[in-house]
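# A structural walkthrough
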Amino acid sequence: MDERELIARVRAGDGAAERALYDAHVDRVYRLTYRLAGDDELAREFTQDTFVRAFERLGGFRGEAKLSTWLHAIATSVVLNGLRKVKRFRQRETDLDEAATTSAGGRAAEPDLKRRLAQAIDGLPDGYRMVFVMHDVEGFTHDEIGATLGIETGTSKAQLSRARAKLRDALADFAGEWVS
Amino acid sequence: MTEDRFEERLRQAAQDYHRPPATPREELWDRIAAARQRRGIVIRPALRWGVGIAAVLALGIAIGRWSARGGESSTLPAVAAGTDQGSTLAYRVAAAQYLTRTEALLTGFRAEARSPSVPAAQFATQARDLLATTRLMLDSPAAKDARLKSLLEDLELVLAQIAQLPSGGSGDREDVQSINQGLDQRSVLLRLRTANPAGPGPVRTQGAL
């Protein structure tokens, strides 16, 4: 069954088609929400909200974008608003300069690198973090990111470049480790 | 370290960033179903229509009753008159939609009755939705009109018969023929069309309504 037919059947109230749509997209939505939320319960809540809204609004889906893009747009909006509401985002946020200072001088063990990297990613501004996670972690293309976040492809590329630059600064003391 | 090498190592290391576990598909699906049920958005399209009509009809009846009580008071004549007009319009719109829908169902049913296999489940579902509205209609000002009340009672009987057709597949031929004969003998479709003449919205209400 192609996407258009699936959507038509969901709109007609076909429960099996709803489940098929869910099965086709839930993995990527859950992965994305988990990566951005960093918390299983939040990721479940965001995934749930994404599909509830999607089923509610599918009647208004005009097919101008791919269904996956439309779903990911809902998911990223749910995640951003959700994280702001629960203030988890701010709690996780670690100032990049502070992150760089705390480990300066010590030899970087692999677990420490991962922890530092996670802190540095958490500390990125919303837009940079979103683009970095979607592109470098979840493998979205810049076109997909642009369509999902409603930004130009060039903006997505620029934000990724800036995100990487900030991470490079934050992880400067690991540079030698990575070269070897 | 070159920029390319840094980016490559960064991507590798970032794979552990908030690494998600396996998707809890069934649990999530249950949560979504429960959330949708709480929000009341799981309504079959056919039922959606019935709920809408029933709501408008109930509103019309409620406003009608309220304005009838208000009409007895001399303190709010203007409001009562205005509300009565609103009530009449809401009632007429709902009733016209109900009659149109019922006519469409019965016309379709008669046409399908000639075919070897009647999609009974589909007709039964629509009939059940319309049956609830029929009962609301019988409780509305429409029931004061003897002609319309008689029609509504016949419609209630026919819709109840269709609603009880076996949902497992095509309807039993004898049941279908019996319903069809009832429609003919009581001239239900003819009376329905007389009560609800064809035409755009407001024109339809010029029959019995």
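Residues numbered from 1 in each chain as written. Chains lettered and ligands numbered in written order. Predicted model: local features only at pLDDT ≥ 70, side-chain atom pairs only at ≥ 80, totals over all residues. Heavy atoms only, no water.

### Topic: the interface of chain B and chain A
- The partner chain A presents 45 residues to the 34 residues of chain B that form the contact.
- Buried area between chain B and chain A, summed over both chains or domains, comes out near 3,900 Å², and the portion from carbon and sulfur atoms is 57%.
- Three residues stand out in chain B for area buried against chain A, namely Tyr17(B), His18(B) and Arg25(B), and they jointly supply 18% of the buried area on that side.
- Across the chain B-chain A interface, the total number found is nine salt bridges.
- A salt bridge links Asp27(A) to Arg25(B), with the nearest nitrogen and oxygen atoms 2.9 Å apart.
- Applying the counting rule to chain B against chain A returns 18 residue pairs in polar contact (both at pLDDT 80 or more).
- At the level of secondary structure, the elements contributing two or more residues to the side of chain B that touches chain A comprise helix 1 (3–14) and helix 2 (25–39) of chain B. (Contact = heavy atoms within 4.5 Å. Buried area = accessible area lost by both parts, 1.4 Å probe. Salt bridge = Lys/Arg side-chain N within 4 Å of Asp/Glu carboxyl O. Polar contact = N/O pair within 3.5 Å; in protein donor to acceptor, adjacent residues only side chain to side chain. Helix = DSSP H or I, 4+ residues; strand = E, 2+ residues; numbered from the N terminus.)

### Some remarks on the packing of helix 2 (residues 15–37) of chain A against helix 4 (residues 67–86) of chain A
Residues and elements named next belong to chain A.
- Where helix 2 contacts helix 4, the two axes come as close as 10 Å, and the packing angle between them is 35°. With respect to the hand of their crossing, helix 2 and helix 4 are arranged in right-handed fashion. Contact residues: Leu21, His25, Arg28, Val29, Leu32, Thr33, Leu36 and Ala37 in helix 2; Leu67, Ser68, Leu71, His72, Ala75, Thr76, Val79 and Leu83 in helix 4.
- Class assignment of the residues belonging to the contact of helix 2 with helix 4 gives a composition of 10 nonpolar, five polar and one charged. (Axes fitted to C-alpha atoms, helices over the stretch in contact; angles between N-to-C directions. Left-handed = near helix turned anticlockwise from the far one by under 90°. Nonpolar A, V, L, I, M, F, W, Y, C, P; charged D, E, K, R; others polar.)

### Remarks on the confidence of the model for chain B
Residue and element names in this part refer to chain B.
- Taken as a whole, chain B shows an average pLDDT of 72; of its residues, 62% reach a score of 70 or greater.
- The secondary structure element of chain B with the lowest average pLDDT is helix 9 (residues 201–204), at 40, and the one with the highest is helix 2, at 92.
- Contacts of residues 70–82 to residues separated by more than four positions or lying in other chains number four contacts, the stretch itself having pLDDT below 50.
- In the model, residues 199–208 has pLDDT below 50 throughout and makes 19 contacts with residues more than four positions away in sequence or in other chains.
- Confidence metrics for the complex model read pTM 0.54 and ipTM 0.83. (pLDDT = per-residue confidence, 0-100.)

### Re the packing of aromatic side chains
Residue and element names in this part refer to chain A.
- Summed over all chains, the structure comprises seven aromatic pairs over all chains.
- Ring centres of Tyr30 and Tyr34 lie 6.0 Å apart, and the angle between their planes is 55°; this geometry places the pair in the tilted category. In this pair, Tyr30 and Tyr34 are both assigned in helix 2, four residues apart and thus about one turn of the helix distant. The exposure classification of Tyr30 matches that of Tyr34, with both residues buried. (Phe/Tyr/Trp six-rings, centres within 6.5 Å; stacked < 30°, edge-to-face > 60°. Buried < 20%, exposed > 50% of the residue type's maximum accessible area, 1.4 Å probe, protein only.)

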